[in-house]
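One letter stands for each residue in the lines below.
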Amino acid sequence: MLEGSGRSPAPVGITVNSGHWRVITVNVTEPYVEEGHFPFAGQVDCLVIIQVGDFGYFPDHRDGPRFLAAVDQACAANGVELWFIDGNHDDHTSLAELEHGQIPVHVAEHVTYLPRGTRLHVGSRTFGFLGGAFSVDWRDRTAGIDWWHHEVTDTDDVARLGTEQLDVLITHDAPAGVDLLSSWRLPAEDQVRADAVRALVAQATTATSPQLLVHGHWHHGYESELNWIDRTTTDRTGALTWDSTHVVGLGCDGDAERGWIVLDLPALDAIWPSTKE
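Residues numbered from 1 in each chain as written. Predicted model: local features only at pLDDT ≥ 70, side-chain atom pairs only at ≥ 80, totals over all residues. Heavy atoms only, no water.

Asker: Before we move on, could you go through the overall build of the protein and cite the residues and values that matter?
Answerer: When helices and strands are tallied, the protein shows six helices and 16 strands. Put simply, the protein has 277 residues, and 54% of those count as buried. Taking all contacts inside the protein whose residues are at least 6 apart in sequence as the whole, residues at least 24 apart take part in 72%. (Helix = DSSP H or I, 4+ residues; strand = E, 2+ residues; numbered from the N terminus. Buried < 20%, exposed > 50% of the residue type's maximum accessible area, 1.4 Å probe, protein only. Contact = heavy atoms within 4.5 Å.)

Right, here's the structure in full:
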């Protein structure tokens, strides 16, 4: 499934056999890596687990290599691969050193980082990936140690994703325009910065018109619809035309009911654990 040298790190090309029609998307990091997602993925023939940011990629931290090795071993034991995008709680300096444009990069034999703007064909579906977010707890963190100025999604990231239509968009932050029902209450200056990233995610969504968007970051599991006016069609026909994307937000670490979904690719159904087969 992963074509490349297998060395860490190395740019790779990714293909997924179209006969395997499910993937799991999760919003989990250490210590929840061994609590059931990997065995379940193997049992239901999910070849890929997609982690939606805040994976915990800290190769220079004391426990970073141990955590990465544990994830890689869990993947190998269950016959799955893990792909992750960057959140705001990852070492962005180290990730930047790995990047080769929008080419996936092995960080371990079964673990692959997907830079912002990456596009992949998974079975018959086209996925886009757009990491990054603003840390609402940045005041409690140390620059260059557990917080990085370039954590936020920017206009160049959105441009790299392009405008060709996607089936699925995987992001860390939520798009503006959906009600998060979050309990977070931010200082005004932080709210502006958080809103700016969400506006960019919304811009990427309206540009690529995916049927489904899955994100993490806000620790709130929910489903909603993002609706907007399709101006191209409206201008061409003269009739007001709407477009929409189904948005799924995943809960936080340890949320057994809302922290992950199984994604049925042919139907693009998001199956929560409480309703899985």
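Asker: Describe the nonpolar core, naming the residues involved and giving the relevant values.
Answerer: Counting residues in each nonpolar core, the largest one holds 27 residues, and the members touching the most others are Phe55, Leu82, Phe84 and Val111. With five residues, the single largest contributor to this core is helix α2 (residues 64–78). Among the nonpolar cores identified, the runner-up in size contains 24 residues, and Phe134, Ala174, Leu180 and Ala204 belong to it. (Core = buried A, V, L, I, M, F, W, Y, C linked by side-chain atoms within 4.5 Å.)

Asker: Can you break down the packing of aromatic side chains residue by residue, with the values?
Answerer: Evaluation of the coordinates by the stated rule reveals seven aromatic pairs. Between Phe55 and Phe84, the ring centres sit 4.4 Å apart and the planes meet at 20°, which makes this aromatic pair stacked. Highlighted residues: Phe55 in the loop between β5 (48–51) and α2 and Phe84 in strand β6 (residues 81–84), separated in sequence by 29 residues. Exposure class is identical for Phe55 and Phe84. Each is buried. Taken together, Phe55, Tyr57, Phe67, Phe84 and Tyr113 form an aromatic cluster joined through their ring pairs. Here the guanidinium or amino end of Arg258 rests over the ring plane of Trp272, the centre of that ring lying 4.1 Å away. (Phe/Tyr/Trp six-rings, centres within 6.5 Å; stacked < 30°, edge-to-face > 60°. Lys NZ or Arg CZ within 6 Å of the ring centre and 35° of its normal.)

Asker: Hey, could you go over the side chain of Asp190 for me, with residue numbers and the actual values?
Answerer: Here Asp190 shows up in helix α5 (residues 188–208). Overall, Asp190 belongs to the buried group, its relative accessible area being 0%. Leave out the neighbours within four places in its chain, and Asp190 touches Phe134, Val136, Trp138 and Arg139.

Asker: Describe α5, and please don't skip the residues or the numbers.
Answerer: Between its first and last C-alpha atoms α5 spans 30 Å; for 21 residues at 1.5 Å apiece the expected length is 30 Å, and the two agree. Along α5, the positions that sit buried rather than exposed are Asp190, Ala194, Val197, Arg198, Leu200, Val201, Ala202, Ala204, Thr205 and Thr208. Just beyond α5, the residue with positive phi is Ser209, at close to 50°. (Expected span 1.5 Å × (residues − 1).)

Asker: Talk me through the pattern of salt bridges; I want residue IDs and the actual numbers.
Answerer: Counted under the stated rule, the structure contains eight salt bridges. Members of the salt-bridge network, linked through shared partners, are Asp86, Arg116, Asp157 and Arg160. (Salt bridge = Lys/Arg side-chain N within 4 Å of Asp/Glu carboxyl O.)

Asker: I'd love a proper account of the pairing of strand β9 (residues 119–122), names of residues and values included.
Answerer: Burial of β9 is one-sided: the residues Leu120 and Val122 facing one way are buried, the residues Arg119 and His121 facing the other way are not. For β9 and strand β10 (residues 125–130), the ladder comprises four bridges, and the chain directions are antiparallel. Within β10, the position partnered with Leu120 by the bridge is Phe127. The antiparallel pairing of β9 with β10 creates a hairpin that spans two residues between the two strands, and Gly123 there sits at a positive phi of about 60°. (Pairing = 2+ DSSP bridges.)

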